[in-house]
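The chain contents come next:
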Amino acid sequence: MIALGSDQAGYGLKQDIIKYLEEKGYEYKDYGSYSSDPVDYPVYGHKVAHAIVDGECDRGILICGTGIGISIAANKVKGIRAAVCGDCFSAEATRLHNDANVLALGARVVGAGLAVKIVETFLNTEFSGVERHARRVEMIEQDCY
């Protein structure tokens, strides 16, 4: 299950991503926002992050104007590794190397076509499990370096 969240700036792009997820048969839960009315992005970053750490969802996709603010909010939740990606290479690398569990996108940065390709890459790339990457993810999770 994929958790989705956005602020008003990301609402439209989230609708494009929902269409893609439905076409591909992915299960998802939309944690808001549900319109283009102004809201506070940390609320939705936290909702998606908690859905993942609480086991309701496996991965998340967050969208705001840049992807930055909402990813910072999500990363405040222990166990979340949210990465802002504006290209497919970064989406692949963050899954392979960082085992990122949340993808953050900037609706004012990437268009719908590229965003869907980034989402597809993120969802179809598994963590490599290579020892050095696993060690580094563990260091991040334990806050010990």
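On a predicted model such as this, the values are computed, not experimentally measured, just so you know. (Residues numbered from 1 in each chain as written. Predicted model: local features only at pLDDT ≥ 70, side-chain atom pairs only at ≥ 80, totals over all residues. Heavy atoms only, no water.)

Some details on helix α6 (residues 131-142)
Residues spaced three or four apart along an α-helix face the same direction, because each turn holds 3.6 residues. Counted only if it meets this: Secondary structure is summarised from DSSP: a helix means a run of H or I of at least four residues, a strand means a run of E of at least two, and numbering begins at the N terminus for each. Expected helix span is taken as 1.5 Å per residue step, with the number of steps being one fewer than the number of residues. A simple rule labels every residue: compare its accessible area, found with a 1.4 Å probe on the protein chains alone, to the largest value its type can have, and call it buried under 20%, exposed over 50%, or partly exposed in between. It is the directions from the helix axis to the C-beta atoms that the arc portrays. Here, two residues are considered to be in contact whenever any of their heavy atoms come within 4.5 Å of each other.
Compared with the 16 Å implied by 1.5 Å per residue over 12 residues, the 16 Å span of α6 between its first and last C-alpha is a close match. Among the residues of α6, those classed as buried are His 133, Val 137 and Glu 141. For α6, the angular spread of buried residues about the axis comes to 75°, placing them on one side. Contacts from the buried residues of α6 go to α4 (88-98). Asp 143 sits one or two residues past α6 and shows a positive phi near 60°.

Focus: the confidence of the model for the chain
Let me state the cut-off plainly: One confidence number per residue, pLDDT, is output by the predictor and ranges from 0 to 100.
Of all residues in the chain, 99% have pLDDT values of 70 or greater, and the mean over the chain is 97. Of all the helices and strands in the chain, α6 carries the lowest mean pLDDT, 95, while strand β5 (residues 102-106) carries the highest, 99.

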